[in-house]
Amino acid sequence: MAVNVEHFRKIQIELTSAQVTLVAVSKTKPNEDIMALYELGQRDFGENYVQELVDKASSLPKDIRWHFIGHLQTNKVKFIADFVYLIHAVDSEKLLKEIDKQGKKLNKKIPVLLQMHIATEETKFGFDQIELENLPYKNYENTAVEGLMGMASFSDEEEIIMQEFKMLHQVYDNMKTKDGNLNVLSMGMSGDYPTAIQQGSNMVRIGSLLFGVRN
Ligand SMILES: *Cc1c(COP(=O)(O)O)cnc(C)c1O
């Protein structure tokens, strides 16, 4: 079995004492791996691909909380809208609008995070600070914006990563002064989660440390 139970236990202890939620990122991994962690009590799982998520959600236990953490195309929102627990990476108003539309059809509020672009790489997605602070997200009544999400640069320099997470935390704190509903700051992955927690993360998305490296 590919699941690293020792890492899972260790991470669980670290996160529990810091009151941080673990999203186990199971993209590309088989159902058996998900079930191995499920049986140890894990309920929050993260996926990046719509079709893969739909397939897994239909065959795995209904009490799993599915997080969609990847870049989401507007034309695919409808496939996950009725069961997704939290969409992490809303990176445009167009996407927010579409999620809202699907929420309206289902007569519910779909929980989302807004993604901020904090990395130096241009390839990463997300809003900048000005865009975030001016986004009229409260107009979208069938989405519930619960917080922010970000990905740090792919770098060995801890200082750079630290500064990026710090910036995200500051923007989050600023936005919280105007919106008491914000309560999720999703930052940190296998390689940088301790730094993210130091900088105030309360939700980490960890894949390879739990499930082994992906192909
Ligand atoms: C794949 C992925 C992760 C997990 O990455 P690991 O380095 O395997 O922990 C976290 N967040 C996002 C957005 C991802 O796409």
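Residues numbered from 1 in each chain as written. Predicted model: local features only at pLDDT ≥ 70, side-chain atom pairs only at ≥ 80, totals over all residues. Heavy atoms only, no water.

Here the focus is the pairing of strand 2 (residues 44–47). Burial along strand 2 is two-sided: Asp44 and Gly46 facing one way and Phe45 and Glu47 facing the other are all buried. In the sheet, strand 1 (residues 21–25) pairs with strand 2 via 2 bridges, with the strands oriented parallel. In the sheet register, alanine 24 faces strand 2, and the bridge partner there is phenylalanine 45. Considered for its hand, the β-α-β crossover made up of strand 1, helix 2 (residues 31–38) and strand 2 is right-handed. Judged from the 4 bridges that link them, strand 2 and strand 3 (residues 65–68) form a sheet pairing that is parallel. In the sheet register, glycine 46 faces strand 3, and the bridge partner there is histidine 67. For the handedness criterion, the β-α-β arrangement of strand 2, helix 3 (residues 50–59) and strand 3 is classed as right-handed. (Buried < 20%, exposed > 50% of the residue type's maximum accessible area, 1.4 Å probe, protein only. Helix = DSSP H or I, 4+ residues; strand = E, 2+ residues; numbered from the N terminus. Pairing = 2+ DSSP bridges. Right-handed = clockwise from strand over helix to strand, strands pointing away.)

This part is about the site of the ligand. Within the structure, the ligand sits among 13 residues, and Lys27, Ser190, Gly207, Ser208 and Arg214 are positioned closest to it. In this structure, glycine 207 approaches the ligand through a main-chain N or O atom, which is 2.8 Å from an oxygen atom. In the complex, 90% of the free accessible area of the ligand, which totals 390 Å², lies under the protein chains. The pocket occupied by the ligand, as judged from atoms lying within 2 Å of grid points, is the largest pocket. Residue classes in the shell around the ligand are distributed as 6 nonpolar, 4 polar and 3 charged. (Near = heavy atom within 4 Å. Polar contact = N/O pair within 3.5 Å; in protein donor to acceptor, adjacent residues only side chain to side chain. Areas by Shrake-Rupley, 256 points an atom, 1.4 Å probe, with all protein chains shown as cover. 1 Å grid on protein atoms, 1.4 Å probe; cavity = no way out; pocket = protein on both sides within 12 Å on 5 of 7 lines; lining within 4 Å. Sits in = over half its atoms within 2 Å of the grid points. Nonpolar A, V, L, I, M, F, W, Y, C, P; charged D, E, K, R; others polar.)

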